[in-house]
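Each chain, letter by letter, is given below.
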Amino acid sequence: MESESRRLLQSMLNGAAEVISKKDELNRINVFPVADGDTGSNLASLMQAIIDNVVPKEYSTKELLEEVANAALIGARGNSGMIFAQYLTAVAESYHHLESTFEGLVQAFQKAVHKAYDALLDPKEGTILSVMKAWSEALAGSYEQERSFPQSLLNAQIVAEKALINTEFQMPILRKNRLVDSGAKGFYYFIAGLTNAYCGEAVSIPVSFSEKKDIIQPSHFETNEPLYRYCSEFIIKQATISQQTLREVLASKGDSLVIAGNEKQIKIHIHTNEPQEVLRLLSAYGVMTYQKVDDMKLQYEVTKAPRAKIAIVTDSIADLPEKFLLDHQVHVLPMNILAGEESFLDKLTVGPAMMKEKLEQQWKMSTAQPTIRSVDALLSFLENKYEHVLVITVASKLSGTYQLVKQRIQGRNLSSKWIQVIDSRLNSVAEGLLVKQAVELIEIGESFEKVTQKVKQLIESSFIYVAVADLSPMVQSGRIPRVLGKIAQKLSLHPIVSLDESGNGKLIGVSFSQKQSMKKIIKKVTKLQLKELAVTHVCSINDAKLWQKQLEKETGRNSYLVDSSAAIAISAGLGSVAVAGIKEEETI
């Protein structure tokens with residue numbers, strides 16, 4: 001079959017492209033297990049990984065299936081994506097033990113279904129599993145009779161089509177909304193695209209897929225709010241635990257548990273309220289190489305009832321109260337936090353308690369911009385949900401996030417009329433206040449052009465002052481010039497740090513104690529006419545509350561107080577407190 005492997009690869013790539021082209025439709029009909037409108041995006045991520053990572057060349061069939069499986073595991077996202085990846089992994093594993101024949105291939109597809117079911121703690125009919133099972137069994141049964149792989153593909157597609165139509169009646173939520181399952185339809189599109197390319201036949205579209213159904217808006221669907229908030233995924237290598245035992249360990253931490261992979265690596269998908277706890281448990285059983293955490297509650301609310309026609313996107317360095325972010329549907333790209341060989345997602349899999357522990361132990365820590373995959377996934381989710389998107393990033397002088405987002409927008413050929421990116425030239429609560437102002441402008445009905453213009457103007461009126469408890473982290477990270485930093489350290493001085501006009505860190509003052517630093521900052525801030533005020537801290541809540549109270553008394557302005565992002569904690573160090581504000585516009 002080696003001469004057939006190229007034909008099979010091209011057919012699978014055609015199937016992948018077919019799924020990607022139907023991404024928006026699959027997102028629209030996504031109501032199970034959570035109506036977060038991202039099944040199409042998740043399956044498109046898997047298919048894009050196959051297209052990007054499986055290089056067209058001569059493979060043996062065994063090699064081809066292994067390459068496809070490895071790529072699928074990399075790109076798998078969400079329930080259906082994880083099940084699909086496990087199915088393809090199981091196909092590769094099953095074929096490994098069989099002869100290189102068409103009979104071996106169809107048997108591998110059939111055997112893989114059982115492993116796909118086993119990947120779930122609670123497999124349900126009426127989902128992608130049902131169509132996988134129907135197609136795989138029909139393919140094997142037809143080949144046994146016909147002894148023709150192309151004819152078996154055509155026959156199996158007809159059976160898969162009927163199984164897909166039947167998913168509408170297998171689950172109450174699908175029956176209520178008169179929809180087929182989104183994941184199942186994605187699988188159907190894959191095998192339809194594969195069959196079309198392999199056989200050179202026209203792909204039939206099931207009669208129930210009417211245009212009327214496809215244009216139903218998500219807001220018309222009857223759906224339930226997610227029971228758990230976060231869709232979390234992790235990959236561990238060198239696992240020291242079996243998949244069955246792993247299911248038992250994680251069973252109480254959430255639902256929609258899917259475990260896929262092989263002896264080389266395991267990918268875990270779970271809906272949970274405790275992604276930090278899940279990560280802690282998994283870290284004991286292998287080397288963590290990948291993490292992804294999506295806010296399903298936010299996705300559900302955006303899909304069900306968006307607050308505005310303009311989306312606001314920022315990064316996790318923008319320190320804002322969690323409730324504000326959710327209430328106003330602000331989308332956040334998490335920074336990556338590197339600690340030794342471990343990696344974490346800022347504010348999702350690492351929080352203040354873990355940061356304090358690692359900083360006290362003097363771990364060597366650093367930050368990295370969001371991954372390309374996380375940016376692409378968010379952009380994919382936002383497409384066709386908003387009329388416009390405004391991205392406000394941390395200062396480009398401090399992070400590559402601004403450039404990364406710009407590159408991904410260009411790479412995806414997104415229109416500047418739809419999406420704009422602003423370099424805030426700020427960080428922490430100063431960046432957070434800018435985001436807050438953008439949200440308020442959008443919610444009073446300002447146009448996209450007006451909001452973008454106004455936010456850029458507000459940057460000039462924004463400031464941040466940090467009373468640093470320990471200068472070492474800032475010197476080590478290069479945020480403060482090494483020579484100046486070393487002098488301050490030798491004299492046991494407590495610096496006051498700010499940002500210059502371009503967004504670079506600068507030393508603006510020193511004191512003999514942090515208390516003196518805060519007094520200087522308060523004196524400086526009280527001379528200003530303020531529009532906004534906010535305070536953040538690195539594991540120093542009691543001191544921060546005292547300073548906040550005094551600031552509010554002196555300025556007459558209310559403020560919010562939040563824990564600092566892990567990214568800021570690394571550069572500012574334990575005990576640091578920061579004050580940020582936006583000055584009132586001068587009137588003539």
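Use the structure listed above.
This structure is a prediction, so every number in the text was calculated from the model and none was measured.

A. View of the environment of methionine 288. Along the polypeptide, methionine 288 turns up in strand E4 (residues 287-295). With residues up to four places along the chain from it excluded, the contact list for methionine 288 reads Phe234, Ile235, Ile236, Leu279, Leu282 and Ser283.

B. Just the packing of aromatic side chains, in detail. This model, assessed by the stated rule, comprises 10 aromatic pairs. Judged by centre distance (5.9 Å) and plane angle (75 degrees), the ring pair of tryptophan 135 and phenylalanine 187 falls under edge-to-face. Placement of tryptophan 135 in helix H7 (residues 128-146) and of phenylalanine 187 in helix H10 (residues 182-199) is noted, with a sequence separation of 52 residues between them. Of the residues examined, tryptophan 135 reaches a relative accessible area of 2% and is grouped as buried. On the basis of relative accessibility, which here comes to 1%, the residue phenylalanine 187 falls in the buried class. Three or more aromatic residues joined by ring pairs make a cluster, and in this case those are Phe84, Tyr87, Phe109, Trp135, Phe187 and Phe190. A cation over an aromatic ring shows up here: lysine 22 above the ring of tyrosine 189, its NZ or CZ 5.0 Å from the ring centre. Above the ring of phenylalanine 381, the side-chain terminus of lysine 385 is found at 4.3 Å from the ring centroid.

C. Spatial organisation of the sheet that holds strand E10 (residues 388-393). Taken in spatial order, the four strands of this open sheet run E6-E5-E10-E11, and their pairing is parallel. Whereas interior strands pair on both sides, the edge strands pair on one side only; in this sheet they are strand E6 (331-333) and strand E11 (419-423). The sheet shows a mean angle of 20 degrees between the axes of neighbouring strands, direction not considered. Here helix H17 (residues 372-382) sits on the sheet in contact with strand E5 (310-315), E6, E10 and E11, set at roughly 165 degrees to E6. Docked against the sheet, helix H18 (residues 401-411) engages E5, E6, E10 and E11, running at close to 165 degrees with respect to E11.

D. Layout of empty space enclosed by the protein. If you walk through the whole model with that rule in mind, you get seven cavities of 30 Å³ or more. What the second largest cavity holds in volume is close to 80 Å³. Where the lining of the second largest cavity is concerned, the elements lending two or more residues are E5 and helix H19 (428-443). Along the lines of polarity and charge, the residues of the lining of the second largest cavity split into seven nonpolar, two polar and two charged.

E. Structural view of a nonpolar patch on the surface. The grouping of Val483, Ile487 and Leu491 at the surface amounts to a nonpolar patch, some 300 Å² of accessible area in total. Position of valine 483 among the secondary structure elements: in helix H22 (residues 482-490).

Each value, and the rule that gives it
Residues numbered from 1 in each chain as written. Predicted model: local features only at pLDDT ≥ 70, side-chain atom pairs only at ≥ 80, totals over all residues. Heavy atoms only, no water. Helix = DSSP H or I, 4+ residues; strand = E, 2+ residues; numbered from the N terminus. Contact = heavy atoms within 4.5 Å. Phe/Tyr/Trp six-rings, centres within 6.5 Å; stacked < 30°, edge-to-face > 60°. Buried < 20%, exposed > 50% of the residue type's maximum accessible area, 1.4 Å probe, protein only. Lys NZ or Arg CZ within 6 Å of the ring centre and 35° of its normal. Pairing = 2+ DSSP bridges. Axes fitted to C-alpha atoms, helices over the stretch in contact; angles between N-to-C directions. 1 Å grid on protein atoms, 1.4 Å probe; cavity = no way out; pocket = protein on both sides within 12 Å on 5 of 7 lines; lining within 4 Å. Points joined across faces, edges and corners; volume = space filled by probe spheres on them. Nonpolar A, V, L, I, M, F, W, Y, C, P; charged D, E, K, R; others polar. Patch = residues over 30% accessible without salt bridge, like charges linked within 9 Å, V, L, I, M, F, W, Y side chains within 5 Å. Areas by Shrake-Rupley, 256 points an atom, 1.4 Å probe, with all protein chains shown as cover. Salt bridge = Lys/Arg side-chain N within 4 Å of Asp/Glu carboxyl O.

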